[in-house]
Amino acid sequence: MTDLAPSNAFLIAGIVFITIAVIGQSKLGFIEINPGCFGRFLALFIGISSLLYALGLLNLSAGTIDLLRTSLIEQIRQSISSINELLQGS
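What you see is a predicted model; the values in this text were computed from it and never measured.

*Asks:* Describe the overall build of the chain, listing the residues and the values that go with them.
*Replies:* When helices and strands are tallied, the chain shows three helices and two strands. Reading the helices (α) and strands (β) of the chain from amino to carboxyl end gives α-β-β-α-α. Looking at the chain as a whole, 9% of its 90 residues are labelled buried. The long-range share in the chain, meaning contacts at least 24 apart out of those at least 6 apart in sequence, stands at 50%. For the chain, the computed accessible surface area is about 7300 Å², with 69% contributed by carbon and sulfur atoms.

*Asks:* Hey, could you go over the confidence of the model for the chain for me, with residue numbers and the actual values?
*Replies:* Parts of the prediction with low pLDDT should not have their coordinates interpreted in detail. When pLDDT is averaged along the chain, the result is 76; 80% of the residues meet or exceed 70. Within the chain, the element-level pLDDT minimum falls on strand β1 (residues 26-28), averaging 71, and the maximum on helix α2 (residues 36-55), averaging 83.

*Asks:* Go over the environment of Ile12 with me, naming the residues and quoting the values.
*Replies:* Relative to the assigned elements, Ile12 resides in helix α1 (residues 4-23). Taking the C-alpha atoms as reference points, Ile12 and Leu51, 39 residues apart in sequence, are found 8.3 Å from one another.

*Asks:* Could you give me a rundown of the environment of Val22, with the residues and numbers involved?
*Replies:* Of note, Val22 is situated in helix α1. A relative accessible area of 58% places Val22 in the exposed class. Taking the C-alpha atoms as reference points, Val22 and Phe41, separated by 19 residues in sequence, lie 9.5 Å from one another.

*Asks:* Give me the side chain of Ser50: which residues, what numbers.
*Replies:* Counting through the fold element by element, Ser50 comes out in helix α2. Among residues more than four places away in sequence, those in contact with Ser50 are Phe10, Ala13 and Gly14.

*Asks:* Now, about the environment of Gly24: what can you tell me, with residues and values included?
*Replies:* Assignment of secondary structure puts Gly24 in the loop between α1 and β1. Overall, the relative accessible area of 1% leaves Gly24 in the buried class. The contacts of Gly24, once residues within four sequence positions are left out, are Thr19, Ile33, Pro35 and Arg40.

*Asks:* Kindly report on a nonpolar patch on the surface, identifying the contributing residues and their values.
*Replies:* On the surface, Phe38, Phe41, Leu42 and Phe45 cluster together into a nonpolar patch covering about 480 Å² of accessible area. Among the secondary structure elements, Phe45 is positioned in helix α2. Given a relative accessible area of 53%, Phe45 falls into the exposed group.

*Asks:* Which residues make up α2, and what values do they have?
*Replies:* Over its 20 residues, α2 extends 28 Å from the first C-alpha to the last, a length consistent with the 28 Å expected when each residue adds 1.5 Å. Those residues of α2 that sit buried are Gly39, Ala43, Gly47, Ser50 and Ala54. Relative to the axis of α2, the buried residues are bounded by an arc of 70° and lie together on one face. Exposed residues lying more than 90 degrees from the buried face of α2 are Cys37, Phe38, Phe41, Phe45 and Leu55.

Criteria and thresholds
- Residues numbered from 1 in each chain as written.
- Predicted model: local features only at pLDDT ≥ 70, side-chain atom pairs only at ≥ 80, totals over all residues.
- Heavy atoms only, no water.
- Helix = DSSP H or I, 4+ residues; strand = E, 2+ residues; numbered from the N terminus.
- Buried < 20%, exposed > 50% of the residue type's maximum accessible area, 1.4 Å probe, protein only.
- Contact = heavy atoms within 4.5 Å.
- Areas by Shrake-Rupley, 256 points an atom, 1.4 Å probe, with all protein chains shown as cover.
- pLDDT = per-residue confidence, 0-100.
- Patch = residues over 30% accessible without salt bridge, like charges linked within 9 Å, V, L, I, M, F, W, Y side chains within 5 Å.
- Salt bridge = Lys/Arg side-chain N within 4 Å of Asp/Glu carboxyl O.
- Expected span 1.5 Å × (residues − 1).
- Arc of directions from axis to C-beta.

This is the structure:
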């Protein structure tokens, strides 16, 4: 039973965030939700990530996070070097 609790929490959070992303500006009782463009995009991203995690399709382990971090650092280094080449060339 305890294995389902985090999955259910991510499932509910995913549904809520996707609902916010789709509906956008709405009024729920005394609460007014107006996320704006970036907020709707962020809610969509968080909602999809939560649903994928709840379904077990998104497995974030320490090895995956380290791989993503090293890949991101390498892409940033390549971008900085190419920007430096462009700036020095002109």
